[in-house]
Protein chains: 2
Amino acid sequence: MNQSNNLIEDLVDALRCMPGIGKKSARRIAYHLLERDREGARHLAGRLTAAMDQIGHCQQCRMLTEKTICDFCSQERRDPTLLCVVETPADVYAMNEAGYKGRFFVLMGHLSPLDGIGPEELGLDQLATLLDSGEVEEVILATNLTVEGETTAHFISEMVRARDIRTTRIAYGVPYGGELEYIDSSTLTHALNGRRDFT
Amino acid sequence: MNQSNNLIEDLVDALRCMPGIGKKSARRIAYHLLERDREGARHLAGRLTAAMDQIGHCQQCRMLTEKTICDFCSQERRDPTLLCVVETPADVYAMNEAGYKGRFFVLMGHLSPLDGIGPEELGLDQLATLLDSGEVEEVILATNLTVEGETTAHFISEMVRARDIRTTRIAYGVPYGGELEYIDSSTLTHALNGRRDFT
Ligand SMILES: [Zn+2]
Ligand SMILES: [Zn+2]
């Protein structure tokens with residue numbers, strides 16, 4: 001992240017903070033912006049700064065948002081008796097596009113003791129407060145269908161059942177090992193509709 | 001480019017000014033930066049603004065640069081008797097990495113009468129001035145091995161030969177229809193070494 005005396009090389013290096021962008025892609029993007037879309041690049045710079053400075057986490061569901069309470073939590077038309085627990089903000093959008101109409105809770109990860117990610121890091125105390133409010137009648141566990149996602153789902157299901165609230169898991173319409181973010185909406189819709197009580 | 005009342009969606013839209021970045025990739029990048037690399041994103045915003053505001057074209061070779069005369073033109077160790085004509089700034093880097101040690105001239109495109117791109121748009125008057133300076137002894141035509149690149153090479157070869165300067169074309173080591181930017185360096189090295197007089 002040092003600055004050389006060459007603005008193009010600086011830009012190429014800076015672009016590599018984006019996942020999936022290697023040196024060649026970064027150079028292609030830099031030239032494209034310089035030759036054909038300086039206005040778009042300036043706009044992007046402004047949006048990056050605004051987003052990084054102003055976006056934090058929703059105080060209710062931990063979704064990324066610039067507000068105290070995010071749009072998903074404040075939309076009155078969303079069913080407050082349903083709570084869908086997901087790993088990442090991208091999963092919120094994926095579930096929403098698949099037709100889910102309830103509220104969300106975003107773990108921002110999954111249990112991973114070796115990396116020091118336990119219940120506290122996933123905001124499970126905040127989830128407990130939400131469950132204790134008495135509004136939630138069903139918790140849909142929509143963590144990834146991976147080993148870590150399953151472990152996390154099991155852990156949360158204990159918390160939920162201890163409060164006599166129904167727990168369901170999205171159906172195995174999602175291929176095993178699959179990550180929600182990359183699954184098409186219709187598969188996700190099937191998985192949502194085929195959800196079953198968590199055992 | 002309108003701004004919504006949602007900074008994340010604004011950022012996702014803004015990221016799409018980059019070639020090859022669709023809605024899904026843009027969202028993935030936005031979340032990655034927000035969750036894991038805000039510092040990198042802020043740095044990128046600064047580099048984007050600096051590059052877009054300060055980078056123009058080299059007055060000698062038309063390469064993108066923030067200086068009046070670019071690094072390639074001002075490096076004394078580069079052989080001033082060799083002039084390599086390429087279509088884009090990316091091609092300059094590709095040729096340089098393939099071991100080319102002379103000077104460059106960047107057309108910033110190729111002849112395309114239907115799109116209104118003629119000799120003037122490619123800066124051929126500037127190229128003529130360069131050739132008339134008397135320093136250049138060989139012009140290596142390294143436009144793409146496409147129909148448009150060949151047409152452009154032919155056109156320029158006439159200009160060069162009218163001044164009694166040797167004209168060569170990089171060899172067909174590059175696959176036909178290939179674009180220099182995507183060719184590995186060793187293929188480019190062969191193509192450079194196997195260059196022949198332009199006929
Ligand atoms: Zn929220
Ligand atoms: Zn130059």
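Thresholds, definitions, all that
- Residues numbered from 1 in each chain as written.
- Chains lettered and ligands numbered in written order.
- Predicted model: local features only at pLDDT ≥ 70, side-chain atom pairs only at ≥ 80, totals over all residues.
- Heavy atoms only, no water.
- UniProt positions renumbered as here; feature names shortened; annotations may be inferred.
- Helix = DSSP H or I, 4+ residues; strand = E, 2+ residues; numbered from the N terminus.
- Buried < 20%, exposed > 50% of the residue type's maximum accessible area, 1.4 Å probe, protein only.
- Contact = heavy atoms within 4.5 Å.
- Lys, Arg positive; Asp, Glu negative; His and termini not counted.
- Charge placed at Lys NZ, Arg CZ, Asp CG, Glu CD.
- Donors = N, O, S within 2.8 Å, 3.2 Å for Na, K, Ca; no water.
- Tetrahedral: all angles 85-135°; square planar, octahedral: opposite > 155°, others 65-115°.
- Least-squares fit on C-alpha atoms with pLDDT ≥ 70 in both.
- Buried area = accessible area lost by both parts, 1.4 Å probe.
- Salt bridge = Lys/Arg side-chain N within 4 Å of Asp/Glu carboxyl O.
- Polar contact = N/O pair within 3.5 Å; in protein donor to acceptor, adjacent residues only side chain to side chain.
- Nonpolar A, V, L, I, M, F, W, Y, C, P; charged D, E, K, R; others polar.
- pLDDT = per-residue confidence, 0-100.

- Going by what an unreviewed UniProt entry lists, chain A is known as Recombination protein RecR and is assigned to Methylohalomonas lacus.
- In the Function (unreviewed entry) part of its UniProt record, chain A is described as follows: "May play a role in DNA repair. It seems to be involved in an RecBC-independent recombinational process of DNA repair. It may act with RecF and RecO."
- A UniProt comment under Sequence similarities (unreviewed entry) is attached to chain A, and it reads "Belongs to the RecR family."

As for the overall build of chain A
Then, in step 1: Across its full length, chain A holds eight helices and seven strands.
Then, in step 2: Once the C-alpha set of chain A is aligned to its principal axes, its extents read approximately 65 × 35 × 35 Å.
Then, in step 3: A burial count over chain A gives 54% of its 199 residues as buried.
Then, in step 4: Long-range contacts, defined here as pairs at least 24 residues apart, represent 56% of the contacts in chain A between residues at least 6 apart.
Then, in step 5: Each charge class in chain A was averaged separately, 21 positive and 30 negative side chains, and the resulting centres sit 7 Å apart.

Notes on the coordination of the zinc ion (ligand 1)
All names here are of chain A.
Then, in step 1: Coordination of the zinc ion (ligand 1) by the protein involves C58 (SG), C61 (SG), C70 (SG) and C73 (SG), with metal-donor separations of 2.3 to 2.4 Å.
Then, in step 2: Classification of the site at the zinc ion (ligand 1) as tetrahedral follows from its four donor atoms and the range of 102 to 116 degrees in their angles at the metal.
Then, in step 3: Of note, the donors binding the zinc ion (ligand 1) are all from one chain and are spaced C-x2-C-x8-C-x2-C.
Then, in step 4: With relative accessibility at 1%, the residue C61 sits in the buried group.

Considerations on the relation of the copies chain B and chain A
Then, in step 1: For the pair chain B and chain A, the relating rotation is 180 degrees, the translation along its axis is 0.0 Å, and the fit reaches an RMSD of 0.0 Å. Both copies are brought into coincidence by an operation consistent with a two-fold rotation axis. Distance from the rotation axis, computed per C-alpha, reaches its smallest value in chain B at A45 of chain B: 2.1 Å.
Then, in step 2: The residues that chain B uses at the interface reappear at the interface of chain A in 100% of cases, marking a shared surface.

Remarks on the UniProt feature "zinc finger region: C4-type" (unreviewed entry) in chain A
Then, in step 1: Feature annotation in UniProt places "zinc finger region: C4-type" (unreviewed entry) on residues 58-73 of chain A, given in this structure's numbering.
Then, in step 2: For residues 58-73 of chain A, the helix share is 19%, the strand share is 12%, and the end-to-end C-alpha distance is 8 Å.

Re the coordination of the zinc ion (ligand 2)
All names here are of chain B.
Then, in step 1: C58 (SG), C61 (SG), C70 (SG) and C73 (SG) make up the full set of protein donors to the zinc ion (ligand 2), lying at 2.3 Å.
Then, in step 2: Geometry at the zinc ion (ligand 2) is tetrahedral, judged from the four donor atoms that bind it and their angles of 102 to 117 degrees at the metal.
Then, in step 3: The sequence motif formed by the donor residues of the zinc ion (ligand 2) is C-x2-C-x8-C-x2-C. For the pair formed by C70 and C73, the shared burial category is buried.

Topic: the interface of chain B and chain A
By a frequent convention, interface size equals the accessible area lost on bringing the separate parts together.
Then, in step 1: Taken together, the contact between chain B and chain A spans 56 residues of the former and 56 residues of the latter.
Then, in step 2: Approximately 5,500 Å² of surface area, both sides summed, lies buried where chain B meets chain A, with 66% of it carried by carbon and sulfur atoms.
Then, in step 3: Per-residue buried area on chain B facing chain A is highest for L7, R47 and M52 of chain B; these three make up 13% of the total on that side.
Then, in step 4: There are six salt bridges connecting chain B and chain A.
Then, in step 5: Note that R47 of chain A is salt-bridged to D10 of chain B, the shortest N-O span being 3.5 Å.
Then, in step 6: Across the chain B-chain A interface, the total number found is 14 residue pairs in polar contact (both at pLDDT 80 or more).
Then, in step 7: Elements with a contribution of two residues or more to the side of chain B that touches chain A: helix 1 (7-15), helix 2 (23-36), helix 3 (38-54), strand 2 (64-65) and helix 5 (89-97) of chain B.
Then, in step 8: Its residues placed into classes, the side of chain B that touches chain A shows 30 nonpolar, nine polar and 17 charged.

Here's the deal with the confidence of the model for chain A
A low pLDDT means the predicted coordinates there should not be read in detail.
Then, in step 1: Overall, the prediction assigns chain A a mean pLDDT of 89, with 91% of residues at 70 or greater.
Then, in step 2: Prediction confidence for the complex, expressed as pTM and ipTM, is 0.76 and 0.76 respectively.

Remarks on the environment of R161 of chain A
Then, in step 1: Within the fold, R161 of chain A resides in helix 7 (residues 147-161).
Then, in step 2: Counting along the chain gives 22 residues from R161 of chain A to V139 of chain A, while the straight-line C-alpha distance between them is 9.6 Å.

Focus: unusual backbone geometry
Residue and element names in this part refer to chain A.
Then, in step 1: Here M108, not a glycine, exhibits a phi torsion of approximately 60 degrees, which is positive.
Then, in step 2: For M108, the location among the structural elements is in the loop between strand 4 (102-106) and helix 6 (124-132).
Then, in step 3: For M108, a relative accessible area of 23% puts it in the partly exposed group.
Then, in step 4: Here the phi dihedral of D164 falls at roughly 60 degrees; this positive angle occurs in a residue that is not glycine.
Then, in step 5: Tracing the backbone through its elements, the reader meets D164 in the loop between helix 7 and strand 6 (166-169).
Then, in step 6: Classification of D164 by relative accessible area gives exposed; the value is 76%.

Some details on the environment of R27 of chain A
Then, in step 1: With respect to the helices, strands and loops of the structure, R27 of chain A is situated in helix 2 (residues 23-36).
Then, in step 2: A relative accessible area of 11% places R27 of chain A in the buried class.
Then, in step 3: Not counting residues within four places of it along the chain, the set of residues in contact with R27 of chain A comprises E9 and V12 of chain A together with Y93 and E97 of chain B.
Then, in step 4: One polar contact links R27 of chain A to E9 of chain A, side chain to side chain, over a distance of 2.8 Å.

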